[in-house]
Amino acid sequence: MTSSFNKNKYKGLITDLYHRVGLSGPVAVVLGLCFLLLPLLPGEFPVIVGVEILILGLFAMSFNLIYGYMGQISFGHAAYFGLGAYGTALLFRAFQGGTGEIGYFDFFLSLLVAIPVSAVGALLVGFFCVRLTGVYFAIFSLAFGELIFYVVFSWYSFTGGDNGVQGLLPPPFFQNTVNYYYFTLTIVAVAIALLWRITRSPFGYTLRMLRDNQQRASFLGINVRMCMLMNFVIAGSFAGVAGALWGPFQRSVSPGLLGWVESGLPVFMTLIGGAGFFAGPMVGSVVYTILSSYVTMFTVYWPLTIGFIILILVLFVPGGLLFLIDSRIVNLRNRRQSDKDLGSVSYGGQGENQ
Amino acid sequence: MPADFGSVLIQLLSGLSRAMMLFLVSCGLSLIFGVMNILNFAHATLWLVAGYLTYTLFQFFTAIFGDSGLLLIPAIILATGAMFALGWVLERVLIRRMYAREVPEQLLLTFALILIFSDSIKLIWGVENRRIFLPIEPIEMLDSYVNPYIFVIIAVGCGVAAGLWWFLHRTRYGKIVRAAVYNRDMVSALGIRISTIFAGVFALGVGTAALSAGVFLPIMPIGLGIDMDLIIQCFAVVVIGGFGSILGTFVASLIVGVVYAFSILIWPNGALAIIFLILVVVVIWRPWGLFGTEMRY
Amino acid sequence: MTRKLLEVTGLNKHFGGLHAVKDLNFDLFEGDKSAIIGPNGAGKTTVFNLLTGYHRVDSGRIIFDETDITNWPSHEIAKAGISRAFQISNIFLTLSVFENVRSAVQAQMGKAFDIFGRADRIGIKEADNILDLCGLAVKRTVMAGELSQGDKKKLELAIALAGKPNLLLLDEPTAGMSLEETRETMALVDHLNEEFNLTTLFTEHDMTVVFNHARKVTVLHRGEIIVEGAPDEVRMNKTAQRIYLGEHK
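Note that this is a predicted model, so its numbers are computed, not measured.

J.: How would you explain the overall build of chain A if you had to name every residue and give the values?
T.: A count of helices and strands for chain A gives 16 helices and two strands. Taken over the C-alpha trace, chain A has a radius of gyration of 20 Å; the compact-globule value for 354 residues is 20 Å, and the two agree within 12%. Here the C-alpha coordinates of chain A stretch approximately 65 × 60 × 40 Å along the principal axes. Residues classed as buried in chain A amount to 55% of the 354 residues present. Nonlocal contacts in chain A, meaning residues at least 24 apart in sequence, comprise 78% of its contacts between residues at least 6 apart.

J.: Can you break down the pairing of strand S3 (residues 33–37) of chain C residue by residue, with the values?
T.: All names here are of chain C. Most of S3 is tucked away, with five of its five residues classed as buried. Covered by surrounding structure in S3 are Lys 33, Ala 35 and Ile 37 together with Ser 34 and Ile 36, the residues of both alternating faces. Here S3 runs beside strand S8 (residues 199–203); their pairing, made up of four bridges, is parallel. Within S8, the residue paired with Ser 34 across the bridge is Leu 201. As defined by bridge partners, S3 adjoins strand S9 (residues 216–221) across four bridges and the pair is classed as parallel. Each residue of the ladder has a partner; that of Ile 36, found in S9, is Thr 218.

J.: Give a description of the domain arrangement of chain C that names residues and reports values.
T.: Residues and elements named next belong to chain C. Domain boundaries in chain C define domain 1 (1–81 + 167–249) and domain 2 (90–164). Inter-centroid distance (C-alpha atoms) of domain 1 to domain 2 is 25 Å. Each partner contributes residues to the interface: domain 1 has ten residues there, and domain 2 has nine residues. Looking at which element gives the most residues to the side of domain 1 that touches domain 2, the answer is helix H6 (residues 179–196), with four residues. Residues belonging to the side of domain 1 that touches domain 2 are distributed by class as follows: five nonpolar, three polar and two charged.

J.: Which residues make up the sheet that holds strand S10 (residues 224–229) of chain C, and what are the values?
T.: Residue and element names in this part refer to chain C. Taken in spatial order, the six strands line up as S6-S7-S8-S3-S9-S10 in an open sheet, and their pairing is mixed. Edge positions in the open sheet fall to strand S6 (82–85) and S10, since each of these has one partner strand only. Neighbour to neighbour, the strand axes of the sheet diverge by 20 degrees on average, direction disregarded.

J.: Account for the arrangement of the chains, with residues named and values stated.
T.: Inter-chain contacts occur across two pairs of chains; the most extensive set of contacts lies between chains A and C. Nowhere do chain B and chain C come into contact; their C-alpha atoms are at least 12 Å apart.

J.: Can you explain the interface of chain C and chain A? Please cite residues and give values.
T.: On the side of chain A, 32 residues touch chain C, which itself brings 36 residues to the contact. Those elements that provide at least two residues to the side of chain C that touches chain A are helix H2 (74–80) and helix H3 (97–108) of chain C. No other element matches H3 of chain C, which puts seven residues into the side of chain C that touches chain A. Here the side of chain C that touches chain A is composed, by residue class, of 15 nonpolar, twelve polar and nine charged.

J.: Quick rundown of helix H12 (residues 224–250) of chain A? Include the residues and the values.
T.: For H12 of chain A, spanning 27 residues, the distance from its first C-alpha to its last is 39 Å, which sits close to the expected 39 Å at 1.5 Å a residue. Of all 27 residues in H12 of chain A, 23 are buried; the element is thus mostly enclosed.

What counts, and where the lines are drawn
- Residues numbered from 1 in each chain as written.
- Chains lettered and ligands numbered in written order.
- Predicted model: local features only at pLDDT ≥ 70, side-chain atom pairs only at ≥ 80, totals over all residues.
- Helix = DSSP H or I, 4+ residues; strand = E, 2+ residues; numbered from the N terminus.
- Rg over C-alpha atoms; globule rule 2.2 N^0.38 Å.
- Buried ≥ 20, exposed ≤ 12 C-beta atoms within 10 Å, placed from the backbone.
- Contact = placed C-beta atoms within 7 Å.
- Pairing = 2+ DSSP bridges.
- Domains from an automatic or database assignment.
- Nonpolar A, V, L, I, M, F, W, Y, C, P; charged D, E, K, R; others polar.
- Axes fitted to C-alpha atoms, helices over the stretch in contact; angles between N-to-C directions.
- Expected span 1.5 Å × (residues − 1).

Right, here's the structure in full:
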């Protein structure tokens, strides 16, 4: 008897969360629980995949600030992920000196440096990109991304060029995969909480205005370029944070982290999960990372596979998985648009509340 | 520093031939965007497919008919025709569904095509580069040896440019295409089958790119990854020249091609940076390109 | 006593070969409720575009509230106090009706770039007031893209009002509206002008609206002002009639 009462209480909480915040609420709860309990699975492999999911998920969520919330598509977002990774890696190596070891304080410092490095990169590129929209924005973001990749790739003396930076061994505590996993989970959770606050702030709604109608926004007194630039830098910084976590985990960084292939990742993840939902990119990361880990065990032609998947998704399910789920719920409950919260992130589908 | 005219000449010719190749690829991109408002991200990847296809056909013909450089011609013709057909099919099956969609979704679709086609190249042809060697004697000009094939490329480029211009300005079909750049709805209101025009334009764009791939084979090896370098250059050309303008694409190709060639003399790694500088200046000063129509965002 | 709010001198704008606005001189005083009329292509929308910074002027000055705002960027002009409602509703389609207005209010309050605050606590009251004023309160939670045409125009006006303008430009505010909606909308415009002394300038094709609500009428033809004055004066003017013969009944 007590158990059914508890069940109702939890069910009530979930529905309440759904009504207050939208589908991302319950999804976040479910994902959060899964992430917390993941290391209980046997073996090290799930945890390794888990770290990747978290890092790439944060990367994708930073991308969605530009795409789902502001309406522009950036095909060069990996440049800031990579800049963050390299920023951390280079400082890391400097701290290591000849010993190959790094202290805890230095480790955290090298992680922190990713933020200004990626932010500056985003600032420089954003300065030009925000003068454009739509197709031109996409082209320039891709082109500048490639330029940054090329610089890192060619600057052999500083970045190690093709070889990248190797031997990034974290301090002893973090060498343990499970420890690093929970560390990553903490940082990613904090970052996501910050992202959530930003999307609920007045700035977040200015972004939505830009997404829907840039011209009108400027007629309402909003300096569109400045707003886009600010968002671009913020998104780039969060991507940089994700990049920072990548290097010490993989023990190395390479120029590929900045290239167009890597830039495709957040785009695919956001498409898979659904750009119209705050939790979409993270859901996409879960699906994508697991799928790619699985498929690459059988074939080396992963780009071909994901290419077809993207094709099918774009043609038939552009709103993503969460959109599919949410529209089922809407149909089920015949829900009227209730006065829950203040508006919608929406792309490729009806307005759904976040 | 180029002390002699010879190396300058070589670079100039190299730049011109590269410009021609760029032009042929980019004008397809420009036309497709101008008429249908779709940015075909996979344009250079299709170019690459054409290159591999031409190579294979050339190998096939030389295996049957013996070693003759002239066999490149039927190989190019066949490959171009095949790619034209592929372009037509792509438009009818895939691109057509995206006209009513948002820009990011359109971009995503063509981006997915990059993955599909480039990985298909890997699947069919493997990872090695391909190159064709034509037995041509270098000729002497101004104390330097020049590959006369370069003149073939320049001639083909100018020829196609002229042909395209004639098609767009002197034939009925071409004038309809130009009208569609300005006002799609009006054209369809005139009772003209817009769907055929779109398929034709897309196929034409892909076909022109395919032609350039085949023609350029003797000069430059093709391999995986070249398509991404190329698409960036194409973007630069089309942005500088202006979407939808053949003249603009031609001029911009000349600029980019020659800049590339000469920067090798002065600042080897800086070609890309210089192109970017030009891009940035153009975007700030005349966002719709030197010859383009007012941008539709 | 009433001060001059808007002073336009020698305004010129070319589009390629077309001289869309020719040496325009135009004044508005605080509290005015004026209309600009003219056949299609006369340049009415171009004038609005120039006033709101959408186009650069070729020559001439625009002085608003004693400040030279010629060629200012659109967002600066909006902040200076000129607000515009568009002919074709130019709203935020995926946001709710309420959010459309609240976001505009928050922008007016200077909070557009606030990343630390909470959007659900800013501008609620003001937005609700405006929605009440415009008769949209009942449609508060509807997504803007799903509104009827008439409601979209109402929202259009509401958003323009959220900017707390000193000068409100209305581009064909009753276009596409039913008789009832037209009455409501123009009653609101009258109310705003009388209650809050809101200077209003609108363009219109509906002559009934113009002659019933405007206190001053300016006739534009091919970029030039043909005649200007009280509605009755303009109605009697022979040149104006000639321009309009065949255009309107």
